Amino acid sequence: MDLSAISPVLLLAALMVAATPILLAAIGELVVERAGVLNLGVEGMMITGAICGFITAVATGSPMLGFVGAALGGAALSLLFGVLTQYLLSNQVATGLALTLFGIGLASLLGQGYVGVRAPSVPKLDIPVLSDLPWLGPILFRHDIIVYLGLAIVAAVWWFLRHSRGGLVLRAVGENHEAAHALGYHVTRVRMAAIAFGGACAGLGGAYLSLVRVPQWTEGVTAGAGWIALAIVVFASWRPGRLVVGAFLFGGITVLQLNLQAARVQIPVEVLSMSPYIVTIVALVALSARKGRGSAAPGSLGQSFHAAR
Amino acid sequence: MKRRTLLATGASAAVAAAMGMPVRAEGHEPLKVGFIYIGPVGDGGWTYQHDQGRLAVEEHFGDAVETIYQENVPESADAERAITQMVLSGADLIFTTSFGYMDATNTVAGKFPDVKFEHATGYRRDHPNVSTYDARFYEGRAVIGHIAGKMTKTNKIGYIASFPIPEVIQGINSSFLHAKKVNPDVEMVVIWAYTWFDPAKEADAAKAMIEQGVDVILQHTDSTAPQAAAAEAGNVFTFGQASDMAAFKPSPRIASIIDNWNPYYIKRVQDVIDGTWESGHSWGGMAEGEVVIGEITDAVPADVKAEAEAMIAAITAGEYHPFTGPINKQDGTPFLAEGEVATDLQLVQMDFYLEGMLGDIPS
Amino acid sequence: MIRLEKRPQPSKVWTWATPVLAVVATMIFGGLMFALLGKDPVLAIRTIFYDPLFGEFSSYSRPQLLVKAGPLILIATGLAMGFRAGIWNIGAEGQYIIGAVFAASVGLAAYPAESVLIFPAMVIAGAVGGTLWAMIPAVLRVKFGTNEILVSLMLVYVAENILAYAALGPLRNPDGMGFPGSRNLSQYPSAANLDLIPGTGMHWGVVAALIAVIFGYILLSRHILGFQIRLAGQAPRAAAFSGVNPGRLVLICMGIAGALAGLAGMFEVAGPAGRISIDFNVGYGFTAIIVAFLGRLHPVGILLAGLLMALTYIGGEVAQLTLGLPVAAIQLFQGMLLFFLLAVDVLTNYSLRWSGREVA
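The rules we used
- Residues numbered from 1 in each chain as written.
- Chains lettered and ligands numbered in written order.
- Predicted model: local features only at pLDDT ≥ 70, side-chain atom pairs only at ≥ 80, totals over all residues.
- Helix = DSSP H or I, 4+ residues; strand = E, 2+ residues; numbered from the N terminus.
- Rg over C-alpha atoms; globule rule 2.2 N^0.38 Å.
- Buried ≥ 20, exposed ≤ 12 C-beta atoms within 10 Å, placed from the backbone.
- Contact = placed C-beta atoms within 7 Å.
- Pairing = 2+ DSSP bridges.
- Axes fitted to C-alpha atoms, helices over the stretch in contact; angles between N-to-C directions.
- Nonpolar A, V, L, I, M, F, W, Y, C, P; charged D, E, K, R; others polar.
- Domains from an automatic or database assignment.
- Parallel < 35°, antiparallel > 145°, perpendicular 65-115°, else oblique.
- Core = buried A, V, L, I, M, F, W, Y, C linked by C-beta atoms within 7 Å.
- Right-handed = clockwise from strand over helix to strand, strands pointing away.
- UniProt positions renumbered as here; feature names shortened; annotations may be inferred.

A. Main features of the overall build of chain A. Tallying secondary structure elements over chain A gives 12 helices and 0 strands in all. Along chain A, helices and strands appear, N-terminal first, in the series α-α-α-α-α-α-α-α-α-α-α-α. Computed over the C-alpha atoms, the radius of gyration of chain A is 20 Å, within 12% of the 19 Å expected from 2.2 N^0.38 for a compact globule of 309 residues. The dimensions of chain A, computed from C-alpha atoms along their principal axes, are 65 × 50 × 40 Å. The proportion of buried residues among the 309 residues of chain A is 58%.

B. Representation of the overall build of chain B. On a plain count of helices and strands, chain B comes out with 12 helices and 14 strands. Computed over C-alpha atoms, the radius of gyration of chain B comes to 22 Å, within 12% of the 21 Å expected from 2.2 N^0.38 for 363 residues, which places it in the range of a compact globule. Taken over the C-alpha atoms alone, chain B extends approximately 70 × 40 × 35 Å along its principal axes. Sorting the 363 residues of chain B into buried and exposed places 59% on the buried side. Taking contacts inside chain B between residues at least 6 apart in sequence as the whole, the part at least 24 apart equals 64%.

C. Just the sheet that holds strand β11 (residues 281-284) of chain B, in detail. Residues and elements named next belong to chain B. Across the sheet, 6 strands lie side by side as β2-β1-β3-β4-β5-β11; this open sheet has parallel pairing. Strands with a single pairing partner mark the edges of an open sheet, and in this sheet they are β2 (65-70) and β11. Across the sheet, the mean angle separating the axes of adjacent strands is 20° when strand polarity is ignored. Across 4 bridges, strand β5 (residues 130-135) lies against β11 in parallel orientation. Residue pairing in the sheet places A135 in a bridge with G284 of β11.

D. Molecular detail of the interface of chain A and chain C. Across the contact, 42 residues belong to chain A and 38 residues belong to chain C. Those elements that place two or more of their residues in the side of chain A that touches chain C are α4 (92-110), α10 (225-235) and α12 (269-290) of chain A. In terms of residues, the side of chain A that touches chain C owes the most to one element, α4(A), which gives 12 residues. In the side of chain A that touches chain C, the residues fall into 24 nonpolar, 15 polar and 3 charged.

E. Focus on the domain arrangement of chain B. All names here are of chain B. Along its sequence, chain B is organised into domain 1 (6-135) and domain 2 (137-258 + 292-348). Each partner contributes to the interface: domain 1 provides 8 residues, whereas domain 2 provides 8 residues. Among the elements that line the side of domain 1 that touches domain 2, the one with the most residues is helix α3 (residues 46-61), at 3 residues. A per-class count over the side of domain 1 that touches domain 2 returns 3 nonpolar, 4 polar and 1 charged.

F. Structural detail: the sheet that holds strand β12 (residues 291-294) of chain B. Residue and element names in this part refer to chain B. Strands sit in the order β7-β6-β8-β9-β10-β12 across an open sheet of 6 strands; the sheet is mixed. Looking at the sheet topology across the chains shown, the edges are occupied by β7 (187-192) and β12. On average, adjacent strands in this sheet sit at an angle of 15° to one another, irrespective of strand direction. The pairing of strand β9 (residues 237-242) with strand β10 (residues 253-259) spans 5 bridges and is classified as parallel. Along β10, the bridge assignment pairs G240 with S256.

G. Region of the structure containing the packing of helix α4 (residues 58-84) of chain C against helix α11 (residues 246-270) of chain C. Residue and element names in this part refer to chain C. Axis separation between α4 and α11 bottoms out at 7 Å; the angle between their running directions is 170°. The pairing of α4 with α11 is recorded here as roughly antiparallel in orientation. For the pair formed by α4 and α11, the contact residues are P71, L74, I75, T77, G78, L79, M81 and G82 on the first element and C253, M254, I256, A257, L260, A261, L263, A264 and E268 on the second. Taken together, the residues of the contact of α4 with α11 sort by class into 13 nonpolar, 3 polar and 1 charged.

H. Seen up close, the interface of chain B and chain A. In this complex, chain B contributes 30 residues to the contact, which on the side of chain A involves 33 residues. For the side of chain B that touches chain A, the secondary structure elements donating two or more residues are β7, α8 (199-211) and α9 (225-233) of chain B. When residues in the side of chain B that touches chain A are grouped by element, the largest group, 10 residues, is from α8(B). Here the side of chain B that touches chain A is built from residues that sort into 16 nonpolar, 7 polar and 7 charged.

I. Here's a closer look at the nonpolar core. Among the nonpolar cores identified, the biggest contains 348 residues, and I232(A) and I75(C) are the most heavily contacted of them. For this core, the two domains that each supply at least three residues are domain 1 (6-135) and domain 2 (137-258 + 292-348) of chain B. Those residues within four positions of I75(C) in sequence are excluded, and the remaining contacts are A92(C), Y96(C), L260(C), A261(C), A264(C), Y284(C), G285(C) and A288(C).

J. Representation of the environment of L168(C) in the model. Locating L168(C) in the fold gives a position in helix α7 (residues 148-168). With 22 C-beta atoms counted inside 10 Å, the residue L168(C) sits in the buried group.

K. Region of interest: unusual backbone geometry. Here the amide bond leading from K249(B) into P250(B) is cis, since omega sits at -10°, within 30 degrees of zero. If you trace the backbone, P250(B) turns up in the loop between β9 and β10. Along the chain, Y111(C) connects to P112(C) via a cis peptide bond; the corresponding omega equals 0°. One non-glycine residue, N72(B), lies in positive phi territory at about 55°. The exposure class of N72(B) is buried, given the 22 C-beta atoms found within 10 Å. The backbone of L297(C) shows a phi angle near 60°, a positive value even though the residue is not glycine. Positionally, L297(C) belongs in the loop between α12 (284-294) and α13 (299-323).

L. Representation of the pairing of strand β4 (residues 116-120) of chain B within the structure. Residues and elements named next belong to chain B. Of all 5 residues making up β4, 5 are buried, and the element is well covered by its neighbours. Alternating residues of β4 divide into K116, E118 and A120 and F117 and H119, and every residue in both groups is buried. Note that strand β3 (residues 93-96) and β4 share 4 bridges and pair parallel. Counterpart to L93 in the pairing with β4 is K116. As a crossover connection, the stretch from β3 through helix α5 (residues 102-111) into β4 is right-handed. Bridge count between β4 and β5: 4 bridges; the pairing is parallel. Paired with H119 across the strands is T132, a residue of β5.

M. Region of interest: the UniProt feature "domain: ABC transporter substrate-binding protein PnrA-like" (unreviewed entry) in chain B. As recorded in UniProt, the sites labelled "domain: ABC transporter substrate-binding protein PnrA-like" (unreviewed entry) are residues 32-300 of chain B. The span residues 32-300 of chain B carries 39% helix and 23% strand; its end-to-end C-alpha distance comes to 44 Å.

N. Here's a closer look at the pairing of β9(B). Residue and element names in this part refer to chain B. Most of β9 is tucked away, with 6 of its 6 residues classed as buried. Bridging between strand β8 (residues 216-219) and β9 involves 2 bridges; their strand directions are parallel. Looking at β9, one finds that V216 is bridged to F237.

Spelled out as C-alpha cells, the structure:
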C-alpha cells in the first residue's frame, strides 16, 4: 500500500474531467424533469450526440463545430420523444426506453465507417497566470473549454430556474401542469423546449466522450453514462448546485477506485461501485422523510398532460 | 457424450433435413463459414480483429467460400440460438469467438455432428466436431515488456488488466518478467478494470496510473482511450492492443500486439475443404503468425528496437520461450527450475504473480 | 388545426386497429431504411416477420419465440398490475437479477446432490429474491413517500454489482479455470430447467408466463383486488374513499411484480442462460416495461406484445444472418416499431377533431 503516491491535486483535476460528460447530460435532464417530464432516453441521446459530434468534427476539422453538431443531434432525437409524449401523449417511461434503443441503433448505423478514425483534438485552455497557481491551477484552470462550459451551463440553469420568469413558468409547469395551464401557460410548448434543451445537453455530454475523453468513435462509447446521469439528477434532488456534487461523487468513485488500485490498496471493487447508488437512495429517503408525504420530485413528473379544453 | 433430443421430435423434421444437407458433396456450392461475435464489428478491438479474419477468408478463397456473421451476440440463451440458426442457414464451419460461448457451442455441436465448430479461448471439446483455439498472447507481451522496461524512466510500468483469469495473468507475468530482465528496478502497477471494453473507465485507469508516476502503459482492454490519455499527458508510452491502433503512432503508441486470426481461419477453412479437419486445440503464437508485433516506431531507440526484433525472431523460431526458468512465484517458491520451460498446462492454470510483483491478484 | 378530444371510453375498434396500423407504418418506414441500406425491403420485412413463423426453419424458430417471449411476458404481466395502479416499478431488471442470484445460490449450494426438491427450492428462492428486492422501493414509498421510479432504477445498478460480485466471487465455478461465471445449472439435472417436451421451447418459465397471464386476467377482471388496482390508477381519491389501503396496494403490486421478475430470472438462469455470469442480464426487465405498454397493460395484450417483441428479435437475427443486415439496423427497426406503437395509441383514447382556432 502506498497512499502517498496519490496526489490529491491531480486526483481532483481528474475528477473535473471525469465528471463533465455526466454533468452535462444530467443538467439537461434536470431541466426536463423540472418541467415535469421524465425522459429515460438519456443514454440514447448521449450516444447519438457522440457520433453526430464526431462526424461533424471529422468533416469540418473543428472540434467546436463538432460540439454544435452533437447538441443539434441530441436535440433532434429528443424532439422525437417530445412529439410522442407531448402531442401523442404516449407513456414517458416506455417512450424513453424506446428512445434509448432507437438512439443506440441510429448511432451505430451512422458510425459505420468512422471506426479507427482520429478526430481533431480539443485544445486545453491553460488560462495564463491562473493555471500557474499552486494547487488551484492544476485542479481548476488547466482544462479544455467544455469543462467550463458544463459548469457555466449549470450556473445558468441555476440562475434561470431561480431568478428568471421563464424559470418560474417552467417550475410551475413541472409542479402542477393543470394549474399552470389554468394560468395560461403553454404547458406543451414549455415542455418541448425543455426536452430539446435536455437532448442538446445530453448530446454535448456524449460528444465530450467521443471527442475529448476517449477520444474516438466506438460503439458503446457511452457505456452507461446516460443512466448514471439519471441517477445524479435524483441524487441532487433536482437542484443544480447539488448536481455538481453528485457528478463529482459518481465520476469520482470510479477515479478514486482506480487510483486506490494503482496504489495497491485492497478494495472490494463492487462495493465501491455500488456505493453511489446506495447513497442516492439514502439521500432520496432522507429528503422525502423530511418533507413528510411529498417527495422532492416535481409534482407532475412523468405524467402526460392534455388540456381538457 | 450427451445428446439432447432435438432430432427425436417430429417437429424437427425440417431441422434434420437441413443438417443432413451434404453441402460440399455436390462440389459446386460454396463452403459456408459462420462467425459469432460478442461485440459489434466496429469495436476496433477484439471483434474487429476476428472480422478482419473473416474478410481475409473471403479474400483468400473468393467464390469457393461464403461467410456469414452475427454481431453483438450476448453470452446467454441468445448464443445457443444464434449458433443453431447459423447451422440451419447452411453453415458448414462456425467460429464462436468468445469464451462465454463455450457451453452453447458444445451443446449445438452435439446436435449437428456434420457441422464443424471452432470455439475461441475455451477448453471444452465434448464432441469430435468441436475444436478450440487461442493465441499465445504472452509471447507478444514478452516483447513489449522488454521495450517497456527499456523505455521507462520512472521505473513504473502500468498494466490495465481486465479480469483475473489465467490469460491475463500470463500477460502480466510475461511482460513483467521481461521488463525486469532489462531493468531490475522496474515495478508494475496493475489496475483491474473488470471490463474488456469501457473507454471512459480505461481512460480514468490510465490517468490514475500516470498521476502516480507510471510512464509506460500496457493494456489488456480493447479501447484506445488509454492511448489518448497518454497522448494528452505527454512523455508516456503505450502499446496498441488487439488491433494496431495506428492512429496513435509514432507516439505514445510505440508498438502494438495484434491478434491476427487470419492465418488460423484460412488454414481451418482449407482443412474443411480438403476434408482433413480434425478436432483439437490450437494455441498458435508468433510462429503461426497469430500474435504479431505491430510496427515499432522511431520513438524507440534503434538498439532497443533491434533487441525486440531479435526476441521476436527467437520466439518465432522456437528458440526462446518467454517462461524459461529459473523463475520463482511471488511468494518465493520455485515455479520453474533453471532451464525449465513452462508447460501449456502450467500456463493455462496460472493464477499467481511472479517474484518481484507487488500487490495481490483479486480473488 | 387538429386537436385531440378525450373519448369517454377507449375505442374498442382502435384498440385492435392501432397495433396493425403501427406494424404497417413500421414496415413502410423500416422498408425505406432497408432500401437505403441497399437491401431488398420486401425480402427484409418478410425475413423479420414471416420467416421465423412460417419460413424454412420455423420448426426451430417458433419454439425459440417462446423462449424469448417467456421472461418478457412473465415480467410484464407483473409490472402491468403496478402500472395500472399508478405504481411505477421500473427496476424489474434488478429484481430479475436478484431472483436469478438467489436461485442459483440454492442450486449451487446443493451441487452435486440430486433431489427432486432442488428445483422447487430454487423456484421459491427466485421468487423470494425478486420480492425482497422489490420490497425495498415499496417499503420506502409506503413509509417515507420516496419516489419508487427512482429507487427501483437505482437498485438495478446495485443488483448489477451484486451480480458481478457473485460471478467473480462466491458463485464462481471452481472448475472454470478462473474464468468468471458459475457452473452450468442446465447441465445439473436436479436444477436444470429444460424443455418439458423436447424441441418445443416450452420450459417451466413459459408455462409460468402463461399461468401468470391467466391469473392476471382473472385478477384484473374478476377479483376485488383487480378492481382496487384499476380504481387506484384511474381515480386515486375515489379509491381512498372506498376503503382502498394505498400502502397495502403498493406492497402487493410491487411484491407480485418482484416475484414474477425473480421467477423469470430463476427460469432463465436454470435453463436457457444456464449460468450466472457478469453479463447474465440482457435487458429483459427494461424491455418488459415496453412490452407492458405495448400490451396496453392488459394480460392478453401483453401475451401478444411479448410474442411480437420476440418475433422482431428472432426475425432480426435471421435477417442479420441471411441478408447481412447490421445489428444496428435491426435495433433502429425495433425502435421504430415501438415508437409507432406508442404513437398510435393516442387514437384509442382520443379522437381527432378539426378546430378553427387554437385553444390555449
